[in-house]
Amino acid sequence: MILINTCAIRDNAEQRVRKRLNELGFVKKSKPDALIGVMGCMAERLKSKLLEEERLVDIVVGPDAYRELPNLVATADTGQKAVNVLLSREETYADISPVRLDSNGVSAFVSITRGCDNMCTFCVVPFTRGRERSRDPQSILNEVNDLVAKGFREVTLLGQNVDSYLWYGGGPKRF
Ligand code: SF4
């Protein structure tokens, strides 16, 4: 199985994904049972249209549906196409620790918000990452403490809109 994580913020990023999919045609030819999945913002933007445009793709999964991946893979394994591009108002993946494969052991990035409500006219983010939501502060502290224990010395907080982080009453911002 090959999963391609994608960005949709610029056309150039999407063109690179399409080029990579084109290159993966040989995989399907030599191993017809291989599954190819497109994850992330390009999957969210194009939804099932991606299956029509890129025939070798078996799985399309948006940025809020990664927990569904095992079920989507099981569906694709039966020969059906599998799509889940539902956006969530709650999902922050707070309880999932990222695997840092390309870490320098000193600096790390920690996500604290997802999505954006600003709807700037030129921007696709609210449509690909969904409504703004903040991550449970305790899970942020746990991740940072774990990084410190592993020797990291610099943490950069990440989010589409970090300065609108909001948490009150034991829960994220409500709409
Ligand atoms: S504030 Fe939100 S909508 Fe505006 S440019 Fe940034 S991510 Fe896009």
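Relevant structure appears above.
My aim in this report is to walk through the structure given alongside it, one point at a time. If you're wondering where the values come from, they're calculated on a predicted model, not measured in any experiment.

Time to look at the overall build of the chain. For the chain, the count of helices and strands is seven helices and 10 strands. Judged by the C-alpha coordinates and their principal axes, the chain covers about 50 × 40 × 30 Å. Expressed as a percentage of the 175 residues in the chain, the buried residues total 40%. Sequence-distant contacts, at least 24 apart, represent 63% of the contacts inside the chain between residues at least 6 apart. Charged side chains in the chain number 25 positive and 23 negative. The centres of these two groups are separated by 3 Å.

This part takes up the layout of surface pockets. Looking at the largest pocket, its volume works out to about 950 Å³. In terms of lining residues, the largest pocket is bounded by 29 residues, among which Asn5, Pro98, Val99, Ser111 and Leu158 are the most central. Among the elements of the structure, strand S1 (2-6), strand S2 (36-40) and strand S5 (107-111) are those that each provide at least two residues to the lining of the largest pocket. Considering every element that reaches the lining of the largest pocket, the biggest residue donor is S5, with five residues. For the lining of the largest pocket, the residue count by class is 15 nonpolar, seven polar and seven charged. When residues of the lining of the largest pocket are assigned to domains, at least three fall in each of domain 1 (2-84) and domain 2 (107-172).

Okay, the packing of aromatic side chains next. Counted according to the given criterion, the structure contains one aromatic pair. With a centroid separation of 5.7 Å and 20° between ring planes, the pair formed by Tyr66 and Tyr93 is classed as stacked. You can see Tyr66 sitting in the loop between strand S3 (59-61) and helix H5 (69-77) and its partner Tyr93 sitting in the loop between strand S4 (82-84) and S5, a full 27 residues away along the chain. For Tyr66, a relative accessible area of 23% gives the class partly exposed. Given a relative accessible area of 11%, Tyr93 falls into the buried group.

Bringing the pairing of S2 into the picture now. Burial within S2 is extensive, with five of its five residues counted as buried. Taken together, the three bridges between S2 and S3 define a ladder with parallel strand orientation. Residue Gly37 lies in a different strand from S3, and its bridge partner there is Ile59.

Now for the site of the ligand. Taken together, Cys116, Asn118, Met119, Cys120, Phe122, Cys123, Val125 and Pro126 make up the full set of residues adjacent to the ligand. The residue makeup of the shell around the ligand, split by class, is seven nonpolar, one polar and no charged.

In this section: a nonpolar patch on the surface. Judged by side-chain polarity, Val155, Leu157 and Val162 come together as a nonpolar surface patch covering roughly 190 Å² of accessible area. Position of Val155 among the secondary structure elements: in strand S8 (residues 154-158). Val155 gets classed as partly exposed once you look at its relative accessible area, which sits at 31%.

In this model helix H1 (residues 11-23) runs 19 Å from its N-terminal to its C-terminal C-alpha over 13 residues, within 8% of the 18 Å that 1.5 Å per residue would give. For H1, every residue scored as buried is listed here: Ala13, Glu14, Val17, Arg18 and Leu21. Looking down the long axis of H1, one finds its buried residues gathered within 140° of arc, a one-sided arrangement. The exposed residues of H1 that point more than 90 degrees off its buried face are Arg16, Lys19 and Asn22. As for H1, its buried residues are in contact with S1, helix H2 (25-30), S2, helix H3 (41-46) and helix H4 (49-53).

Cut-offs applied
Residues numbered from 1 in each chain as written. Predicted model: local features only at pLDDT ≥ 70, side-chain atom pairs only at ≥ 80, totals over all residues. Heavy atoms only, no water. Helix = DSSP H or I, 4+ residues; strand = E, 2+ residues; numbered from the N terminus. Buried < 20%, exposed > 50% of the residue type's maximum accessible area, 1.4 Å probe, protein only. Contact = heavy atoms within 4.5 Å. Lys, Arg positive; Asp, Glu negative; His and termini not counted. Charge placed at Lys NZ, Arg CZ, Asp CG, Glu CD. 1 Å grid on protein atoms, 1.4 Å probe; cavity = no way out; pocket = protein on both sides within 12 Å on 5 of 7 lines; lining within 4 Å. Points joined across faces, edges and corners; volume = space filled by probe spheres on them. Nonpolar A, V, L, I, M, F, W, Y, C, P; charged D, E, K, R; others polar. Domains from an automatic or database assignment. Phe/Tyr/Trp six-rings, centres within 6.5 Å; stacked < 30°, edge-to-face > 60°. Pairing = 2+ DSSP bridges. Near = heavy atom within 4 Å. Patch = residues over 30% accessible without salt bridge, like charges linked within 9 Å, V, L, I, M, F, W, Y side chains within 5 Å. Areas by Shrake-Rupley, 256 points an atom, 1.4 Å probe, with all protein chains shown as cover. Salt bridge = Lys/Arg side-chain N within 4 Å of Asp/Glu carboxyl O. Expected span 1.5 Å × (residues − 1). Arc of directions from axis to C-beta.

Read these as layout, nothing more, since geometry by itself doesn't imply function.
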